[in-house]
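Each chain, letter by letter, is given below.
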Amino acid sequence: MSHNNNPIGVFDSGVGGLSVFRQILTDLPGEMLLYMADSGCAPYGNKSADFVVQRSFTITEFLLEQGAKAVVVACNTATAASIAQLRARFDIPIIGIEPALKPAVAETRSGVVGILATSNTVRSDKFAALLDRHSEHTRVLVQPCPGLADCVERGELSGLRPRFLLERYLEPLLAHGADTLVLGCTHYPFLIPLIQRLTGPGVAILDPSPAVAQQLRRQLELGELLAESGAPGGERYFTSGQPEQTLPVVSRLLGYPLTLEVLPEPYRPG
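The sections below set out a description of the structure shown in this document. (Residues numbered from 1 in each chain as written. Predicted model: local features only at pLDDT ≥ 70, side-chain atom pairs only at ≥ 80, totals over all residues. Heavy atoms only, no water.)

**Here we look at the packing of aromatic side chains**
In total, this model carries 5 aromatic pairs according to the counting rule given. Here Phe57 and Phe90 contribute two aromatic rings whose centre-to-centre distance is 6.1 Å and whose plane-to-plane angle is 70°, an arrangement assigned as edge-to-face. Of this pair, Phe57 sits in helix H2 (residues 49-65) while Phe90 sits in the loop between helix H3 (76-89) and strand E4 (94-95), and the two are 33 residues apart along the sequence. With relative accessibility at 7%, the residue Phe57 sits in the buried group. Judged by its relative accessible area of 10%, Phe90 is buried. Ring centres of Phe62 and Phe238 lie 5.0 Å apart, and the angle between their planes is 80°; on these two criteria the pair is classed as edge-to-face. Pair noted here: Phe62 is in helix H2 and Phe238 is in strand E9 (residues 234-239), with a separation of 176 residues, a long-range link. When its relative accessible area of 1% is taken as the criterion, Phe62 is described as buried. Positioned above the aromatic ring of Phe57 is the side chain of Arg89, whose terminal nitrogen or guanidinium carbon lies 3.7 Å from the ring centre. (Phe/Tyr/Trp six-rings, centres within 6.5 Å; stacked < 30°, edge-to-face > 60°. Helix = DSSP H or I, 4+ residues; strand = E, 2+ residues; numbered from the N terminus. Buried < 20%, exposed > 50% of the residue type's maximum accessible area, 1.4 Å probe, protein only. Lys NZ or Arg CZ within 6 Å of the ring centre and 35° of its normal.)

Put into structure tokens, the structure is as follows:
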């Protein structure tokens, strides 16, 4: 079997995709990873689909210029808006993300599942199709969560604001008997400790990151693109925003100091 030590690109509108990135780091330690936070355009959740598609094209082109052998779209909004066009345009494995509704439907005991998502993800056709596929025998309650991703973007993982928002968004789901919560935005896994405190231990919280890392591994194996055994791996981090604002948040979410590079001029938002 042949191998490929080129990097894997991972991108999101901001820092939320780091929840997927850290899972890939754990599962594929020999791989070189590039993380691109499009913080200059965050959040994608309130942008038009056309805008998100164009940014997804631009960032994928940048990652390909860095030699990326595969790209992970670690953003629910960008996956819903652009994954089909990305796969049509670029000839490398492109892995997207969607809410873990199928395992939630299998896991629920009460027959009620709650989905926490951004407004744009909720409005997308891809999301509607996902609901159609999995909500036949289960009551699926969709809760848009304006402002929640912004808290993570600022590094606010506890405290009054995220707690106030989560109490408001969780209350109707719990009142209707939801015993399983699906995280429909890659920012939200960083809030799991707070969510769990508010729901209590009887509610399961499903993070899609492990499934994305597994799918990435499968695609790399199929294409004989895995790094060689014993390859050192490594990480590089880029942002289209202000590094002095983004860097402390990235370091806090990952739990160690790092260097953040600025996206080169041709790829920066206009």
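**Examining the sheet that holds strand E7 (residues 180-184)**
Here 4 strands make up an open sheet; going across it, the order is E6-E5-E7-E8 and the pairing parallel. In the strand order of this sheet, the two ends are held by strand E6 (139-144) and strand E8 (204-206), each with one partner. The average angle at which neighbouring strand axes cross in this sheet is 20°, direction not considered. Direction of pairing for E7 relative to E8: parallel, over a ladder of 3 bridges. Along E8, the bridge assignment pairs Thr180 with Ala204. Its contacts with the sheet put helix H9 (residues 192-199) on strand E5 (112-117), E7 and E8, and the angle it makes with E7 is roughly 155°. (Pairing = 2+ DSSP bridges. Axes fitted to C-alpha atoms, helices over the stretch in contact; angles between N-to-C directions. Contact = heavy atoms within 4.5 Å.)

**Structural notes on helix H1 (residues 18-27)**
Of all the residues in H1, the buried ones are Leu18, Ser19, Val20, Phe21 and Ile24. Along its buried surface, H1 packs onto strand E1 (8-12), strand E2 (32-37), strand E3 (70-73), helix H10 (209-222), E9 and helix H11 (243-254).

**A short note on the nonpolar core**
Of all hydrophobic cores here, the largest spans 54 residues; its most connected members are Leu18, Ile24, Val72, Ile195, Leu216 and Tyr237. Here this core gets 5 residues from one element, more than from any other, and that element is helix H8 (residues 160-175). The contacts of Ile24, once residues within four sequence positions are left out, are Val10, Leu33, Val72, Ala213 and Leu216. (Core = buried A, V, L, I, M, F, W, Y, C linked by side-chain atoms within 4.5 Å.)

**A few points about the pairing of E7**
Where a strand is regular, its side chains alternate between the two sheet faces. Across the 5 residues of E7, 5 count as buried, placing the element largely inside the fold. Residues Thr180, Val182 and Gly184 point to one face of E7 and Leu181 and Leu183 to the other, with burial holding for every one of them. Relative to E7, E5 runs parallel, the two sharing 5 bridges. Bridge pairing links Ala117 to Gly184 in E7. With H9 bridging E7 and the parallel E8, this β-α-β connection has right-handed handedness. (Right-handed = clockwise from strand over helix to strand, strands pointing away.)

**Description of the sheet that holds E3**
A sheet is described by the order of its strands in space; here 6 strands give the open sequence E4-E3-E1-E2-E9-E10, paired in parallel fashion. Of all strands in the sheet, those with a lone pairing partner are E4 and strand E10 (260-262), marking the two edges. Pairing geometry for E1 and E3, over 4 bridges, is parallel. Among the inter-strand pairings, Gly9 is bridged to a residue of E3, identified as Val71.

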